[in-house]
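Take a look at the letters that make up each chain.
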Amino acid sequence: MEIAACRAEDIEVLDRFMPSRSLDGNHAARFARQEAGDSTYLIPWLDGRPVGHAEVRWTGCEASEVRTAQPGCPEINGLCVWPESLRSQGIGTALVSAAERLARERGIGSMGLGVGDGNPRAAALYARLGYLPTVAYVDRWAHLDDHGVRHEQADTCVFLVKAL
Ligand SMILES: CC(C)(COP(=O)(O)OP(=O)(O)OC[C@H]1O[C@@H](n2cnc3c(N)ncnc32)[C@H](O)[C@@H]1OP(=O)(O)O)[C@@H](O)C(=O)NCCC(=O)NCCS
(Lines give C-alpha, C1' and ligand atoms only; values in the text may rest on other atoms or scores of the structure.)
Protein backbone atom coordinates (compact mmCIF):
# COMPACT_ATOMS: atom_id res chain seq x y z
CA MET A 1 0.00 0.00 0.00
CA GLU A 2 1.22 3.50 -0.75
CA ILE A 3 -0.20 6.87 0.28
CA ALA A 4 0.12 9.85 -2.05
CA ALA A 5 -1.36 13.31 -2.43
CA CYS A 6 -4.25 13.36 -4.90
CA ARG A 7 -3.42 14.28 -8.52
CA ALA A 8 -5.83 15.84 -11.02
CA GLU A 9 -6.04 12.58 -12.98
CA ASP A 10 -7.07 10.68 -9.82
CA ILE A 11 -10.43 12.48 -9.50
CA GLU A 12 -12.17 10.38 -12.14
CA VAL A 13 -10.80 7.16 -10.58
CA LEU A 14 -11.92 8.24 -7.09
CA ASP A 15 -15.40 9.10 -8.39
CA ARG A 16 -15.63 5.65 -9.95
CA PHE A 17 -14.48 3.65 -6.92
CA MET A 18 -15.81 5.88 -4.11
CA PRO A 19 -18.59 8.16 -5.41
CA SER A 20 -19.57 11.02 -3.08
CA ARG A 21 -22.66 13.24 -3.10
CA SER A 22 -21.31 15.57 -0.42
CA LEU A 23 -21.25 19.19 -1.65
CA ASP A 24 -18.18 20.13 0.35
CA GLY A 25 -16.59 16.69 0.67
CA ASN A 26 -16.65 15.31 -2.88
CA HIS A 27 -13.29 14.48 -4.42
CA ALA A 28 -13.18 17.47 -6.79
CA ALA A 29 -13.91 19.89 -3.92
CA ARG A 30 -11.21 18.33 -1.75
CA PHE A 31 -8.72 18.47 -4.64
CA ALA A 32 -9.61 22.12 -5.31
CA ARG A 33 -8.76 22.98 -1.69
CA GLN A 34 -5.44 21.19 -2.11
CA GLU A 35 -4.74 23.19 -5.27
CA ALA A 36 -5.49 26.38 -3.32
CA GLY A 37 -2.94 25.39 -0.66
CA ASP A 38 -5.59 24.92 2.02
CA SER A 39 -5.30 21.16 2.37
CA THR A 40 -3.50 17.97 1.36
CA TYR A 41 -5.78 15.25 0.04
CA LEU A 42 -4.16 11.90 0.89
CA ILE A 43 -5.14 8.78 -1.03
CA PRO A 44 -4.07 5.22 -0.09
CA TRP A 45 -3.53 2.97 -3.13
CA LEU A 46 -3.56 -0.85 -3.06
CA ASP A 47 -3.01 -2.96 -6.19
CA GLY A 48 -3.61 0.07 -8.40
CA ARG A 49 -6.92 1.19 -6.90
CA PRO A 50 -7.79 3.84 -4.29
CA VAL A 51 -8.90 2.33 -0.98
CA GLY A 52 -9.84 5.40 1.04
CA HIS A 53 -9.03 9.04 1.64
CA ALA A 54 -8.16 11.65 4.24
CA GLU A 55 -8.04 15.41 3.72
CA VAL A 56 -5.60 17.28 5.95
CA ARG A 57 -7.13 20.74 6.26
CA TRP A 58 -4.33 23.14 7.13
CA THR A 59 -6.95 25.84 7.65
CA GLY A 60 -8.49 23.79 10.51
CA CYS A 61 -12.00 22.66 11.35
CA GLU A 62 -14.77 24.86 9.95
CA ALA A 63 -16.91 24.84 13.13
CA SER A 64 -16.60 28.11 15.05
CA GLU A 65 -16.66 26.26 18.40
CA VAL A 66 -13.49 24.41 17.38
CA ARG A 67 -11.76 27.43 15.80
CA THR A 68 -12.21 29.34 19.06
CA ALA A 69 -11.01 26.50 21.30
CA GLN A 70 -8.19 25.20 19.05
CA PRO A 71 -6.94 28.10 16.91
CA GLY A 72 -4.38 27.07 14.31
CA CYS A 73 -4.90 23.34 14.78
CA PRO A 74 -5.15 21.48 11.42
CA GLU A 75 -7.85 18.85 10.95
CA ILE A 76 -7.94 15.38 9.40
CA ASN A 77 -11.26 15.50 7.57
CA GLY A 78 -13.13 12.83 5.64
CA LEU A 79 -11.09 9.89 6.92
CA CYS A 80 -12.42 6.74 5.31
CA VAL A 81 -11.28 3.28 4.23
CA TRP A 82 -13.24 1.65 1.40
CA PRO A 83 -14.35 -1.04 0.73
CA GLU A 84 -15.34 -2.13 4.23
CA SER A 85 -13.58 -5.49 3.72
CA LEU A 86 -10.24 -3.63 3.91
CA ARG A 87 -10.94 -2.08 7.33
CA SER A 88 -9.11 -3.19 10.48
CA GLN A 89 -5.94 -3.84 8.45
CA GLY A 90 -4.06 -0.68 9.42
CA ILE A 91 -4.93 1.57 6.46
CA GLY A 92 -6.73 4.15 8.63
CA THR A 93 -3.83 4.23 11.06
CA ALA A 94 -1.39 4.69 8.15
CA LEU A 95 -3.45 7.65 6.85
CA VAL A 96 -3.43 9.33 10.27
CA SER A 97 0.34 8.74 10.57
CA ALA A 98 0.93 10.24 7.11
CA ALA A 99 -1.10 13.33 8.06
CA GLU A 100 0.87 13.72 11.30
CA ARG A 101 4.18 13.39 9.39
CA LEU A 102 3.17 16.18 7.00
CA ALA A 103 2.25 18.42 9.94
CA ARG A 104 5.59 17.81 11.66
CA GLU A 105 7.40 18.65 8.39
CA ARG A 106 5.58 22.00 8.45
CA GLY A 107 6.61 22.60 12.04
CA ILE A 108 3.03 22.25 13.30
CA GLY A 109 2.75 21.02 16.89
CA SER A 110 -0.71 19.48 16.92
CA MET A 111 -3.24 17.58 14.81
CA GLY A 112 -6.99 17.36 15.33
CA LEU A 113 -9.95 15.41 14.05
CA GLY A 114 -13.63 15.21 14.77
CA VAL A 115 -15.53 12.08 15.66
CA GLY A 116 -19.28 11.69 15.70
CA ASP A 117 -21.06 10.75 18.92
CA GLY A 118 -22.39 7.63 17.20
CA ASN A 119 -19.00 6.31 16.06
CA PRO A 120 -17.45 4.59 19.12
CA ARG A 121 -15.19 2.29 17.09
CA ALA A 122 -13.53 5.22 15.34
CA ALA A 123 -13.29 7.00 18.72
CA ALA A 124 -11.54 3.92 20.17
CA LEU A 125 -9.04 3.96 17.31
CA TYR A 126 -8.24 7.66 17.78
CA ALA A 127 -7.85 7.22 21.54
CA ARG A 128 -5.39 4.41 20.85
CA LEU A 129 -3.45 6.72 18.52
CA GLY A 130 -3.16 9.37 21.27
CA TYR A 131 -5.99 11.77 20.42
CA LEU A 132 -7.72 13.41 23.38
CA PRO A 133 -11.20 14.99 23.48
CA THR A 134 -11.24 18.80 23.62
CA VAL A 135 -14.48 20.48 22.55
CA ALA A 136 -17.99 19.39 21.50
CA TYR A 137 -19.33 20.89 18.25
CA VAL A 138 -21.90 20.41 15.52
CA ASP A 139 -20.57 19.27 12.14
CA ARG A 140 -22.80 20.81 9.45
CA TRP A 141 -22.64 19.46 5.90
CA ALA A 142 -24.90 19.04 2.89
CA HIS A 143 -25.42 16.51 0.13
CA LEU A 144 -27.51 16.13 -3.02
CA ASP A 145 -29.95 13.22 -3.39
CA ASP A 146 -30.65 11.27 -6.61
CA HIS A 147 -32.96 14.09 -7.78
CA GLY A 148 -30.41 16.84 -7.15
CA VAL A 149 -32.25 18.06 -4.05
CA ARG A 150 -30.02 19.50 -1.34
CA HIS A 151 -30.21 18.02 2.19
CA GLU A 152 -28.60 19.58 5.26
CA GLN A 153 -27.00 17.37 7.93
CA ALA A 154 -25.98 18.30 11.47
CA ASP A 155 -23.95 15.74 13.44
CA THR A 156 -22.89 16.21 17.06
CA CYS A 157 -19.17 15.56 17.34
CA VAL A 158 -16.16 15.93 19.61
CA PHE A 159 -12.92 17.46 18.35
CA LEU A 160 -9.91 15.38 19.40
CA VAL A 161 -6.36 16.74 19.47
CA LYS A 162 -2.92 15.12 19.64
CA ALA A 163 0.29 16.97 20.45
CA LEU A 164 2.92 16.04 17.85
C1 LIG B 1 -12.48 4.60 10.97
C2 LIG B 1 -11.69 4.00 9.80
C3 LIG B 1 -11.15 5.10 8.90
C4 LIG B 1 -10.51 3.22 10.40
O5 LIG B 1 -9.76 2.70 9.31
P6 LIG B 1 -9.17 1.22 9.44
O7 LIG B 1 -8.27 1.00 8.27
O8 LIG B 1 -10.26 0.25 9.67
O9 LIG B 1 -8.31 1.43 10.76
P10 LIG B 1 -7.18 0.51 11.29
O11 LIG B 1 -7.18 -0.81 10.61
O12 LIG B 1 -5.91 1.29 11.28
O13 LIG B 1 -7.65 0.35 12.78
C14 LIG B 1 -8.82 -0.44 13.01
C15 LIG B 1 -9.48 -0.01 14.24
O16 LIG B 1 -10.30 1.09 13.91
C17 LIG B 1 -11.49 1.02 14.68
N18 LIG B 1 -12.65 1.13 13.78
C19 LIG B 1 -13.41 2.22 13.75
N20 LIG B 1 -14.43 2.08 12.90
C21 LIG B 1 -14.30 0.87 12.34
C22 LIG B 1 -15.06 0.13 11.36
N23 LIG B 1 -16.18 0.65 10.79
N24 LIG B 1 -14.62 -1.09 11.00
C25 LIG B 1 -13.50 -1.60 11.57
N26 LIG B 1 -12.76 -0.95 12.48
C27 LIG B 1 -13.15 0.26 12.88
C28 LIG B 1 -11.46 -0.21 15.50
O29 LIG B 1 -11.10 0.15 16.82
C30 LIG B 1 -10.37 -1.03 14.84
O31 LIG B 1 -9.69 -1.74 15.77
P32 LIG B 1 -9.55 -3.33 15.56
O33 LIG B 1 -8.87 -3.53 14.23
O34 LIG B 1 -8.75 -3.77 16.72
O35 LIG B 1 -10.94 -3.85 15.55
C36 LIG B 1 -12.52 3.02 8.95
O37 LIG B 1 -12.99 2.01 9.78
C38 LIG B 1 -13.69 3.67 8.24
O39 LIG B 1 -13.54 4.10 7.10
N40 LIG B 1 -14.86 3.74 8.89
C41 LIG B 1 -16.05 4.35 8.27
C42 LIG B 1 -15.93 5.83 8.11
C43 LIG B 1 -15.66 6.49 9.43
O44 LIG B 1 -16.27 6.16 10.44
N45 LIG B 1 -14.70 7.43 9.41
C46 LIG B 1 -14.28 8.14 10.60
C47 LIG B 1 -15.01 9.42 10.75
S48 LIG B 1 -14.52 10.17 12.26
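Residues numbered from 1 in each chain as written. Predicted model: local features only at pLDDT ≥ 70, side-chain atom pairs only at ≥ 80, totals over all residues. Heavy atoms only, no water.

Asks: Would you explain the pairing of strand S4 (residues 52–57) in this entry?
Replies: For a regular strand, side-chain orientation follows a simple rule: the groups alternate between the two sheet faces. Within S4, 6 of the 6 residues are buried, which leaves the element mostly enclosed by the surrounding structure. Because side chains alternate across S4, one face comprises the buried residues Gly-52, Ala-54 and Val-56, and the other comprises His-53, Glu-55 and Arg-57, equally buried. In this structure, strand S2 (residues 39–46) lies alongside S4, joined through 4 bridges in antiparallel fashion. Directly across from Leu-42, in S4, lies its bridge partner Ala-54. Direction of pairing for S4 relative to strand S5 (residues 75–81): antiparallel, over a ladder of 5 bridges. In the sheet register, His-53 faces S5, and the bridge partner there is Cys-80. (Buried < 20%, exposed > 50% of the residue type's maximum accessible area, 1.4 Å probe, protein only. Helix = DSSP H or I, 4+ residues; strand = E, 2+ residues; numbered from the N terminus. Pairing = 2+ DSSP bridges.)

Asks: Would you mind showing me how to read the packing of aromatic side chains here?
Replies: One pair of aromatic rings is described through two measures. These are the centre distance and the angle between the planes. Counting across every chain of the model gives 1 aromatic pair. Residues Tyr-137 and Phe-159 carry aromatic rings whose centres are separated by 6.2 Å and whose planes lie at 70 degrees to one another, so their mutual orientation is edge-to-face. Of the two residues, Tyr-137 sits in strand S7 (residues 132–144) while Phe-159 sits in strand S8 (residues 150–163), which places them 22 residues apart along the sequence. As far as burial versus exposure is concerned, Tyr-137 and Phe-159 are alike and both buried. (Phe/Tyr/Trp six-rings, centres within 6.5 Å; stacked < 30°, edge-to-face > 60°.)

Asks: I'm lost on the state of the cysteines in this one. Help?
Replies: Working definition: the covalent bond between the sulfur atoms of two cysteines is a disulfide. Under the definition given, this model contains 0 disulfides. Looking at Cys-73, it has no disulfide partner, and the nearest cysteine sulfur is the one in Cys-61, 9.2 Å off. Relative accessible area serves as the criterion here: at 4%, Cys-73 is assigned to the buried category. For Cys-80, which is in no disulfide, the shortest distance to another cysteine sulfur is to Cys-6 and amounts to 15 Å. (Disulfide = S-S within 2.5 Å.)

Asks: Is there a simple way to explain the UniProt feature "domain: N-acetyltransferase" (unreviewed entry) in the protein chain in this structure?
Replies: Summarizing the sequence annotation, UniProt attributes the feature "domain: N-acetyltransferase" (unreviewed entry) to residues 1–156 in the numbering used throughout. Between the end C-alpha atoms of residues 1–156 the distance is 33 Å, and the span holds 30% helix and 35% strand. (UniProt positions renumbered as here; feature names shortened; annotations may be inferred.)

Asks: Sorry, what's going on with the site of the ligand here?
Replies: Within the structure, the ligand sits among 17 residues, and Ser-88, Gly-90, Gly-92, Thr-93 and Asn-119 are positioned closest to it. Here Leu-79 contributes a backbone N or O atom positioned 2.9 Å from a nitrogen atom of the ligand. Here an oxygen atom of the ligand and a side-chain polar atom of Arg-87 are 3.3 Å apart. A total of 830 Å² of accessible area belongs to the ligand in isolation, and the protein chains cover 76% of it. (Near = heavy atom within 4 Å. Polar contact = N/O pair within 3.5 Å; in protein donor to acceptor, adjacent residues only side chain to side chain. Areas by Shrake-Rupley, 256 points an atom, 1.4 Å probe, with all protein chains shown as cover.)

Asks: What should I look at first to understand the pairing of S8 in this one?
Replies: Note: strand S6 (residues 110–116) against S8, 7 bridges, orientation antiparallel. In the sheet register, Gly-114 faces S8, and the bridge partner there is Phe-159. One ladder, built from 12 bridges, connects S7 with S8; its direction is antiparallel. By the bridge assignment, Leu-144 is partnered in S8 with Arg-150. Hairpin connection of S7 to S8: 5 residues between the antiparallel strands, including Gly-148 at a positive phi of 80 degrees.

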